[in-house]
Amino acid sequence: MEQVKPTRMELIRKKAQIKLAEQGRDLLREKMDALIQEFFKILNSVSESREELEQVSRAADLALLIAQAVDDPVTLKSAAFATRRSITVDITGKNIMGVPVPVIEKKRVSKTMLERGYDIISTSARIDEAAERYEIELDLLIKLAETETAMRRLGAEIQMNRRRVNALEQILIPELKSQAKYIKNAIEEREREDLFRLKKVKSIMERKKKAAKKKQAGR
């Protein structure tokens, strides 16, 4: 037991601390519930995006295999080099229940045949399809990167809030209540002792008073 002063002022202070800690715990619980709701919303979106990405990725790989099997390797490589460009993204942010999450703003990866930079006359529809499939896959990857990052940050915030709630509920609040109980018991014990001493003093004074009256009566 931490050394505490068994006074009424200290008891009032401990009760105020308990109330404040309980309010903080309740607010953290409310925030955690709201964060969990947002987390599962994003989780559903991520699950759907992953399934879509797997389908698009398989289709892109298949389109490339067909192009490799049928088309001229030199033409295929030339088209691949022509379409190799960096992707520019702008990352900003927003808050979800006070948690900063990224927002990725980008130019659309998917392009028309004329925008890809290769000679559309010398390339086949198979190469066009493979390029288109991989562009769609890149679009989905960037979208998934944003939502998965948001999901991870929300998950970390939920864990941190859970630890805070547990610390308040299992450590701080019980300790404060224990201290308040100790102070209350000490005050009550002191009051009983004071009452006992008061009764004892009163009894002594009454005996002295009676003895004085007998002495005066005997004169």
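Everything that follows concerns the structure shown earlier in this document.
The notes below deal with the structure included here. (Residues numbered from 1 in each chain as written. Predicted model: local features only at pLDDT ≥ 70, side-chain atom pairs only at ≥ 80, totals over all residues. Heavy atoms only, no water.)

On to the overall build of the protein chain, then. If you tally the helices and strands in the protein chain, you get three helices and two strands. For the protein chain, the succession of helices and strands along the chain, N to C, is α-α-β-β-α. Per-residue burial over the protein chain gives 27% buried out of 219 residues. Within the protein chain, residue pairs in contact and separated by at least 24 positions form 81% of the contacts whose partners lie at least 6 positions apart. Carbon together with sulfur atoms contributes 56% to the accessible area of the protein chain, which is approximately 15,600 Å² in total. (Helix = DSSP H or I, 4+ residues; strand = E, 2+ residues; numbered from the N terminus. Buried < 20%, exposed > 50% of the residue type's maximum accessible area, 1.4 Å probe, protein only. Contact = heavy atoms within 4.5 Å. Areas by Shrake-Rupley, 256 points an atom, 1.4 Å probe, with all protein chains shown as cover.)

With that out of the way, let us pick up a negative patch on the surface. Negative charge collects at one region of the surface, where Glu48, Glu51, Glu52 and Glu54 lie side by side. Within the secondary structure, Glu52 sits in helix H1 (residues 8–70). (Patch = residues over 30% accessible without salt bridge, like charges linked within 9 Å, V, L, I, M, F, W, Y side chains within 5 Å. Salt bridge = Lys/Arg side-chain N within 4 Å of Asp/Glu carboxyl O. Lys, Arg positive; Asp, Glu negative; His and termini not counted. Charge placed at Lys NZ, Arg CZ, Asp CG, Glu CD.)

So, about the side chain of Glu157. With respect to the helices and strands, the residue Glu157 is situated in helix H3 (residues 125–218). Residue classification places Glu157 among the buried positions, given a relative accessible area of 14%. The residues touching Glu157, leaving out its near neighbours within four places in the chain, are Lys31, Leu35 and Val99.

A few words now on a positive patch on the surface. Among the surface-exposed residues, Lys209, Lys210, Lys213 and Lys214 lie close enough to one another that they form a single positively charged patch. Tracing the chain through its elements places Lys213 in helix H3.

Moving on, we get to the pattern of salt bridges. Counting across every chain of the model gives 12 salt bridges. Notably, a salt bridge pairs Glu10 with Arg13, separated by 2.8 Å at the nearest N-O pair. With Glu10 and Arg13 both in helix H1, this residue pair falls three residues apart, about one helical turn. Arg25 is paired through a salt bridge with Asp26; the nearest N and O atoms lie 3.2 Å apart. Counted as one network, the salt bridges with shared partners bring together Glu10, Arg13 and Lys14.

Despite not being glycine, Met97 shows a phi value in the positive range, around 55°. Looking at where Met97 falls in the secondary structure, it is placed in the loop between strand E1 (89–96) and strand E2 (99–106).

Here the focus is the packing of aromatic side chains. As enumerated under the stated definition, the model contains one aromatic pair in all. Arranged with centres 5.6 Å apart and planes meeting at 85°, the rings of Phe39 and Phe40 form a pair that is edge-to-face. Taking relative accessible area as the criterion, Phe40 reaches 45% and is therefore assigned partly exposed. (Phe/Tyr/Trp six-rings, centres within 6.5 Å; stacked < 30°, edge-to-face > 60°.)

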